[in-house]
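# Secondary and tertiary structure notes
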Amino acid sequence: MKKLTNGKNLADRIKFLGLFLMLFTGLFMNAQQGFCDSPFDPCNIAVVDYDKIAKGTQKYIELKKYQEKKSKELQEFMRAARENTAAEKNADKRFELQEKYNAEYKVRKAEIERYYSEKIKEIDNSINAKIQEKARNMGYALVLSKRGVLYGGEDITNVIEEGIK
């Protein structure tokens, strides 16, 4: 770090810092006015427990059952593959079987993950749309995840849950 021996450099830096703070304060005040009547009025802020909402939906419950079923099927496939591979006496054929089963395992696993990912996105989009709709109708300017808020905001999780189940 360079020493500030010249008073002019220090004065320039203080001016720059002052201008930066004024600019930041002005931007913050304008941003606040985007969803509040005045930067000094409290905003109507809500919080939701997103995980609770998601885990309570029928689609999520069905998806978890699907995932458990497919996981058991994959485990059974691998158990059978190990038995078949172990039963093979020829080392070259055993290696070919291992390669074949590993490739099939990767394909099956990727398909399960792809399906799960698509369904989770659908569930998230549906929940987000419901949260936005309900929050607007209830007059909220901002909705935050309860997980990231230590204090404040009205918890509307139960209201959102009622509209989704």
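## With respect to the packing of helix α4 (residues 91–138) against helix α5 (residues 157–164)
Taken N-terminus to C-terminus, the directions of α4 and α5 make an angle of 120°; their axes are 10 Å apart at the nearest point. Viewed along their axes, α4 and α5 adopt a mutual orientation that is oblique. Here α4 and α5 pass one another in a crossing that is right-handed. Listed contacts from α5 to Ile 127, Lys 130, Ile 131, Lys 134 and Met 138 of α4 are Val 159, Ile 160, Gly 163 and Ile 164. In terms of residue class, the contact of α4 with α5 is made up of 6 nonpolar, 1 polar and 2 charged.

## Digging into the packing of helix α3 (residues 58–87) against α4
Contact pair α3 / α4: the axes reach a minimum separation of 10 Å and the direction vectors enclose 180°. The orientation of α3 with respect to α4, classified from their angle, is roughly antiparallel. Residue composition of the contact of α3 with α4, by class: 15 nonpolar, 4 polar and 8 charged.

## With respect to the side chain of Thr 157
Within the fold, Thr 157 resides in helix α5. Here Thr 157 falls in the buried class, since its relative accessible area comes to 2%. Sequence-distant contacts of Thr 157, that is, excluding residues within four places in its chain, are made with Val 47, Val 48, Asp 49, Lys 52 and Ile 53.

## Observations concerning the packing of aromatic side chains
Summed over all chains, the structure comprises 2 aromatic pairs. With centroids separated by 4.4 Å and ring planes inclined at 50°, the aromatic side chains of Tyr 66 and Tyr 115 adopt a geometry described as tilted. With Tyr 66 in helix α3 and Tyr 115 in helix α4, this residue pair connects regions lying 49 residues apart in the sequence. Accessibility expressed as a relative area gives 22% for Tyr 66, which makes it partly exposed.

## A few points about α4
Helix length check: α4 (48 residues) gives 69 Å between terminal C-alpha atoms against 70 Å at 1.5 Å per residue, within 8%. The elements touched by buried residues of α4 are β1 (45–48), α2 (50–55), α3, β2 (142–145) and α5. Capping the start of α4 is the job of one residue whose side-chain oxygen sits 2.8 Å from the backbone nitrogen of Asp 92: Asn 90. The positive-phi residue at the C-terminal boundary of α4 is Gly 139, with phi of around 85°.

## What about the pairing of β1?
Direction of pairing for β1 relative to β2: parallel, over a ladder of 4 bridges. Within β2, the position partnered with Ala 46 by the bridge is Val 143. By the bridge criterion, 2 bridges tie β1 to strand β3 (residues 154–155) in an arrangement that is parallel. Across the sheet, residue Ala 46 finds its bridge partner in β3, namely Glu 154.

## Looking at the confidence of the model for the chain
Averaged over the chain, the pLDDT score is 81; the fraction of residues at 70 or greater is 74%. Helix α1 (residues 7–33) is the least confidently modelled element of the chain, averaging 56 in pLDDT, while α3 averages 94, the highest of any element. The model gives residues 29–35 a pLDDT under 50, and that stretch makes 7 contacts with residues more than four places away or in other chains.

## Brief notes about the nonpolar core
Counting 14 residues, the largest nonpolar core has Val 48, Ile 53, Ile 127, Ile 156 and Ile 160 as its most contacted members. At the level of secondary structure, the elements contributing two or more residues to this core comprise β1, α2, α3, α4 and α5. Ranked by residues supplied to this core, first place goes to α4 with 4 residues. Residues in contact with Ile 156, not counting those within four places in the same chain, are Ala 46, Val 47, Val 48, Met 138 and Tyr 140. Of all hydrophobic cores here, the second largest spans 5 residues; its members include Phe 77, Met 78, Ala 81 and Tyr 101.

Analysis parameters
- Residues numbered from 1 in each chain as written.
- Predicted model: local features only at pLDDT ≥ 70, side-chain atom pairs only at ≥ 80, totals over all residues.
- Heavy atoms only, no water.
- Axes fitted to C-alpha atoms, helices over the stretch in contact; angles between N-to-C directions.
- Helix = DSSP H or I, 4+ residues; strand = E, 2+ residues; numbered from the N terminus.
- Parallel < 35°, antiparallel > 145°, perpendicular 65-115°, else oblique.
- Left-handed = near helix turned anticlockwise from the far one by under 90°.
- Contact = heavy atoms within 4.5 Å.
- Nonpolar A, V, L, I, M, F, W, Y, C, P; charged D, E, K, R; others polar.
- Buried < 20%, exposed > 50% of the residue type's maximum accessible area, 1.4 Å probe, protein only.
- Phe/Tyr/Trp six-rings, centres within 6.5 Å; stacked < 30°, edge-to-face > 60°.
- Expected span 1.5 Å × (residues − 1).
- Polar contact = N/O pair within 3.5 Å; in protein donor to acceptor, adjacent residues only side chain to side chain.
- Pairing = 2+ DSSP bridges.
- pLDDT = per-residue confidence, 0-100.
- Core = buried A, V, L, I, M, F, W, Y, C linked by side-chain atoms within 4.5 Å.

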